[in-house]
Amino acid sequence: MKEQSSLKVGDKILLADIKTDISKPLYIHFFDERCVDSKVSLEHLPLIIDKYPETCNYMIINGSSLTERDLRKAYQLPESVSIFQDSNFELTQQLNVPTTPHALIIDRNQSLYFTGNYSDGSGLCSATTIYSSAPAVALRFLASNNQPPLFTNYQVSFTGCPIN
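Read on for a plain summary of the structure. (Residues numbered from 1 in each chain as written. Predicted model: local features only at pLDDT ≥ 70, side-chain atom pairs only at ≥ 80, totals over all residues. Heavy atoms only, no water.)

Details of helix H1 (residues 36-51)
Our working rule: Only DSSP runs of H or I with at least four residues qualify as helices, and only runs of E with at least two residues qualify as strands; both kinds are numbered from the N terminus onward. By definition here, a helix of n residues has an expected span of 1.5 Å times n minus one. To obtain the bend at a residue, axes are fitted to the seven residues ending there and to the seven starting there, and the angle between these axes is taken. Exposed residues in this analysis have more than 50% of their type's maximum accessible area, buried residues have under 20%, and partly exposed residues fall in between, with area computed by a 1.4 Å probe over protein chains only. Residue contacts are counted whenever heavy atoms from the two residues lie within 4.5 Å of one another.
In a regular helix each residue adds 1.5 Å, so 16 residues correspond to 22 Å; H1 covers 24 Å between its end C-alpha atoms and thus fits that length. Largest kink in H1: about 30 degrees, centred on His44, with the proline Pro46 one to four residues after it. Turning to H1, its buried residues are Ser38, Ser41, Leu42, His44, Leu45, Pro46, Ile48 and Ile49. Looking at the buried residues of H1, the elements they touch are strand E1 (26-31), strand E2 (57-62), helix H2 (68-75), strand E4 (99-100) and helix H4 (134-143).

Right, dumping it as structure tokens:
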């Protein structure tokens with residue numbers, strides 16, 4: 001497993017390579033089809049989007065060979081979700097994300113609000129526990145205009161599949 005990211009909550013995140021609306025916070029999900037955990041997490045991401053549709057703009061950083069169309073169809077992703085192709089993992093590595101699945105939430109000031117995995121503290125979340133995942137809890141705090149929550153290292157550590 002690669003070293004943990006040096007990114008910390010509050011760090012400025014430069015998104016020059018991504019054309020996106022910064023009028024809202026940005027929720028970024030990192031995906032690689034070669035990782036089973038990444039596939040499972042992406043299957044559940046629409047549940048989070050449905051619960052917090054107005055809190056953030058949503059983006060998938062696609063490290064797979066799937067086209068945008070195929071990715072949307074396979075995971076029933078709404079058209080409102082942006083997809084950024086990153087099959088060489090250049091942007092993923094630039095953002096210091098060493099594994100998939102992973103989520104980053106960037107606030108309106110382009111500061112890191114959350115970085116972590118889809119764990120609820122006991123393991124990878126399922127469809128019934130996704131709302132207890134660290135990213136969903138962070139979204140709940142963000143939607144309530146609160147400071148980012150504190151998580152245990154296990155909840156936000158880099159688990160899943162290493163970026164190659």
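Next comes the rest of the write-up.
Description of the pairing of strand E6 (residues 112-116)
Here is the rule we go by: Two strands are counted as paired when DSSP detects at least two bridges linking them.
Among the 5 residues of E6, 5 are classified as buried, and the element is accordingly described as predominantly covered. Examined bridge by bridge, strand E5 (residues 102-106) and E6 share 4 bridges and lie antiparallel to one another. Along E6, the bridge assignment pairs Ile105 with Phe114. The hairpin turn running from E5 into E6, its antiparallel successor, is 5 residues long, and Gln110 in that turn takes a positive phi close to 60 degrees.

Digging into the packing of aromatic side chains
Which entries qualify depends on this criterion: Put simply, two rings from Phe, Tyr or Trp (the six-membered ring, in Trp's case) pair if the centres are within 6.5 Å, and we call them stacked under 30 degrees between planes, edge-to-face over 60, tilted for the rest.
The tally for this structure, following the rule as stated, stands at 2 aromatic pairs. Ring centres of Tyr27 and Tyr58 lie 5.3 Å apart, and the angle between their planes is 45 degrees; on these two criteria the pair is classed as tilted. Placement of Tyr27 in strand E1 and of Tyr58 in strand E2 is noted, with a sequence separation of 31 residues between them. Ring centres of Phe31 and Tyr75 lie 5.4 Å apart, and the angle between their planes is 65 degrees; on these two criteria the pair is classed as edge-to-face. Of the two residues, Phe31 is situated in strand E1 and Tyr75 in helix H2; the sequence distance between them amounts to 44 residues. We note that Phe31, like Tyr75, is buried.

Focus: the sheet that holds E6
Remark on secondary structure: sheet strands pair via backbone hydrogen bonds, oriented parallel or antiparallel. This is how the line gets drawn: With axes taken as lines fitted to C-alpha atoms, and helix axes fitted only over the stretch in contact, angles between N-to-C directions fall between 0 and 180 degrees.
Ordered by their spatial adjacency, 5 strands build an open sheet running E3-E2-E1-E5-E6, and the pairing between neighbours is mixed. Looking along the sheet, the strands with just one partner apiece sit at the ends: strand E3 (82-85) and E6. Here the strands of the sheet are splayed against their neighbours by 20 degrees on average, with no regard to which way each runs. Relative to E3, E2 runs parallel, the two being bridged by 4 bridges. Looking across to E3, one finds that Ile60 is bridged to Ile83. Against the sheet, H2 touches E1, E2 and E3, its axis set at about 130 degrees to E3.

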